[in-house]
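Below are the chains, spelled out letter by letter.
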There are 2 protein chains.
Amino acid sequence: MKRTKEDIVYQVETEELAKFAKALGHPTRIKILNHLDNASCCYTGDLLEVLPLAQSTISQHLKELKDAGLIQGTVNPPKIKYCINQQNWIKAKALFNEFFSRNMNEISCK
Amino acid sequence: MKRTKEDIVYQVETEELAKFAKALGHPTRIKILNHLDNASCCYTGDLLEVLPLAQSTISQHLKELKDAGLIQGTVNPPKIKYCINQQNWIKAKALFNEFFSRNMNEISCK
DNA sequence: TAAGTTCATCGCAAATATACGATTAGTATT
DNA sequence: AATACTAATCGTATATTTGCGATGAACTTA
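Residues numbered from 1 in each chain as written. Chains lettered and ligands numbered in written order. Predicted model: local features only at pLDDT ≥ 70, side-chain atom pairs only at ≥ 80, totals over all residues. Heavy atoms only, no water.

Engineer: How do you make sense of the overall build of chain A when you look at a structure like this?
Structural biologist: Counting its secondary structure elements, chain A contains five helices and three strands. In chain A, the succession of α and β elements from N to C terminus is α-α-β-α-α-β-β-α. Within chain A, buried positions represent 45% of all 110 residues. If you take every contact in chain A between residues at least 6 apart in sequence, the share linking residues at least 24 apart comes to 52%. (Helix = DSSP H or I, 4+ residues; strand = E, 2+ residues; numbered from the N terminus. Buried < 20%, exposed > 50% of the residue type's maximum accessible area, 1.4 Å probe, protein only. Contact = heavy atoms within 4.5 Å.)

Okay, here's the thing in structure tokens:
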């Protein structure tokens with residue numbers, strides 16, 4: 001894509017919100033986060049029992065969540081322990097909250 | 001994708017949240033929604049002045065937002081007036097709110 | 001009827017995302 | 001050193017997304 005067009009500059013907030021939203025834009029990743037929330041943290045292997053996907057696929061989803069900043073992993077040999085990244089979670093929560101709590105005036109659509 | 005794998009069944013809530021998140025997963029669409037919120041509603045042409053994109057591209061983004069249920073369009077010849085779909089907006093807001101306000105216990109990651 | 005306006009849709013090109021199996025890297029155990 | 005375990009990464013196939021220009025549909029106005 002993007003063949004003749006130069007890159008568009010968006011506000012940082014817009015980019016951030018879109019980035020978080022994109023990471024949440026797949027049911028598998030929602031499920032991973034739900035599981036992480038219930039279990040506080042988990043290992044990649046745990047997810048293999050919950051999701052009917054190949055190990056490499058789950059690893060890839062974990063990578064995307066990590067790249068978006070929503071989770072973090074710490075080595076705990078021979079496993080890797082994933083938890084939610086509290087700091088960014090709060091940030092995302094605030095961004096979505098702000099986004100959804102606009103005026104939404106009833107006298108819209110004149 | 002999805003070559004050998006049969007479709008995975010997710011909870012309805014998970015699918016819904018992912019669907020909304022996916023629609024929000026692009027800065028252009030965030031910007032459109034922000035604009036719609038400020039202006040209550042708008043026409044496709046209005047967005048052409050705000051976004052440096054081709055008319056067809058913007059139309060496509062509008063379609064995705066419409067397919068996700070976040071906006072709705074009503075004909076107002078010769079234009080089409082887009083507004084936020086209040087009902088689904090509230091639904092999405094509730095889903096994200098629920099998703100982000102989990103316990104998030106501090107004693108996580110043992 | 002003809003011309004203009006607005007916007008959706010089609011057709012295409014390129015980039016990204018999703019999934020898999022196979023391999024590799026790192027660590028622990030024997 | 002050899003084996004076992006865990007998880008990332010590589011290579012590949014396919015689907016989807018993103019973007020554009022061109023065309024077409026619907027409705028107004030001249």
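More follows now that the structure is in view.
Engineer: Explain the interface of chain A and chain B here, please?
Structural biologist: Accessible area lost upon the coming together of the parts is a frequently used measure of interface size. The partner chain B presents 43 residues to the 43 residues of chain A that form the contact. For the pair chain A and chain B, the two sides together bury roughly 4,200 Å², of which 64% comes from carbon and sulfur. Taken together, chain A and chain B are joined by zero salt bridges. Counting the contacts that link chain A with chain B gives three residue pairs in polar contact (both at pLDDT 80 or more). If you list the elements that add at least two residues to the side of chain A that touches chain B, you get helix H1 (12-24), helix H2 (27-39), strand E3 (79-84) and helix H5 (86-100) of chain A. When the residues that make up the side of chain A that touches chain B are grouped by side-chain class, the tally is 22 nonpolar, twelve polar and nine charged. (Buried area = accessible area lost by both parts, 1.4 Å probe. Salt bridge = Lys/Arg side-chain N within 4 Å of Asp/Glu carboxyl O. Polar contact = N/O pair within 3.5 Å; in protein donor to acceptor, adjacent residues only side chain to side chain. Nonpolar A, V, L, I, M, F, W, Y, C, P; charged D, E, K, R; others polar.)

Engineer: Looking at this model, I keep getting lost on the packing of H1(A) against H5(A). Mind explaining?
Structural biologist: How two helices pack is summed up by the angle between their axes together with the distance between the axes. Residues and elements named next belong to chain A. With their axes 10 Å apart at the nearest point, H1 and H5 run at an angle of 105° to one another. Between H1 and H5, the angle falls in the class roughly perpendicular. Across the interface between the two elements, Glu 13, Glu 16, Leu 17, Phe 20, Ala 21 and Leu 24 from H1 touch Asn 88, Lys 91, Ala 92, Leu 95, Phe 96, Glu 98 and Phe 99 from H5. Across the contact of H1 with H5, the residue classes break down as eight nonpolar, one polar and four charged. (Axes fitted to C-alpha atoms, helices over the stretch in contact; angles between N-to-C directions. Parallel < 35°, antiparallel > 145°, perpendicular 65-115°, else oblique.)

Engineer: Would you mind showing me how to read the sheet that holds strand E2 (residues 71-76) of chain A here?
Structural biologist: As a general point, the strands of a sheet are linked pairwise by backbone hydrogen bonds and lie either parallel or antiparallel. Residue and element names in this part refer to chain A. Here we have three strands laid out as an open sheet, ordered E1-E3-E2, and antiparallel in their pairing. Strand pairing shows two members of the sheet lacking a second neighbour, strand E1 (41-43) and E2, which therefore form its edges. Across the sheet, the axes of successive neighbouring strands diverge by a mean angle of 30°, strand direction being ignored. Bridge count between E1 and E3: three bridges; the pairing is antiparallel. By the bridge assignment for E3, Cys 41 is matched with Cys 83. The sheet strands contacting helix H4 (residues 55-67) are E2 and E3, and the helix crosses E2 at an angle near 115°. (Pairing = 2+ DSSP bridges.)

Engineer: Sorry if this is basic, but what is going on with the pairing of E2(A) here?
Structural biologist: Regular strands place their side chains on alternate faces of the sheet. Residues and elements named next belong to chain A. Relative to E3, E2 runs antiparallel, the two sharing six bridges. Note on E3: the bridge partner recorded for Gln 72 is Cys 83. Here E2 folds back onto E3 in antiparallel fashion, the turn holding two residues.

Engineer: What is the right way to look at the sheet that holds strand E1 (residues 41-43) of chain B in this model?
Structural biologist: Residues and elements named next belong to chain B. Ordered by their spatial adjacency, three strands build an open sheet running E1-E3-E2, and the pairing between neighbours is antiparallel. Sheet topology places E1 and strand E2 (71-76) at the edges, where each strand pairs with a single neighbour. Going across the sheet, the axis of each strand differs from the next one's by a mean of 30°, ignoring polarity. Against the sheet, helix H2 (residues 27-39) engages E1, E2 and strand E3 (79-84), with an angle of about 90° to E3.

Engineer: I keep staring at the side chain of Arg29(A) and nothing clicks. Help me out?
Structural biologist: All names here are of chain A. By secondary structure assignment, the location of Arg 29 is in helix H2. From its side chain, Arg 29 meets the backbone oxygen of Lys 22 in a polar contact 3.5 Å long. Side chain to side chain, Arg 29 and His 61 meet in a polar contact 2.9 Å long. Excluding residues that lie within four positions of it along the chain, Arg 29 makes contacts with Lys 22, Ala 23, His 61, Glu 64 and Leu 65.

Engineer: Help me understand the relation of the copies chain A and chain B in this model?
Structural biologist: What relates the pair of chain copies is a rotation about an axis plus a shift along that axis. Turning chain A through 180° and shifting it by 0.0 Å along the axis lays it on chain B, with an RMSD of 0.0 Å. The operation mapping one copy onto its partner corresponds to a two-fold rotation axis. Within chain A, the C-alpha atom positioned nearest to the axis of rotation is that of Ala21(A), 2.4 Å from it. A symmetric contact is evident, with 100% of the interface residues of chain A recurring at the interface of chain B. (Least-squares fit on C-alpha atoms with pLDDT ≥ 70 in both.)

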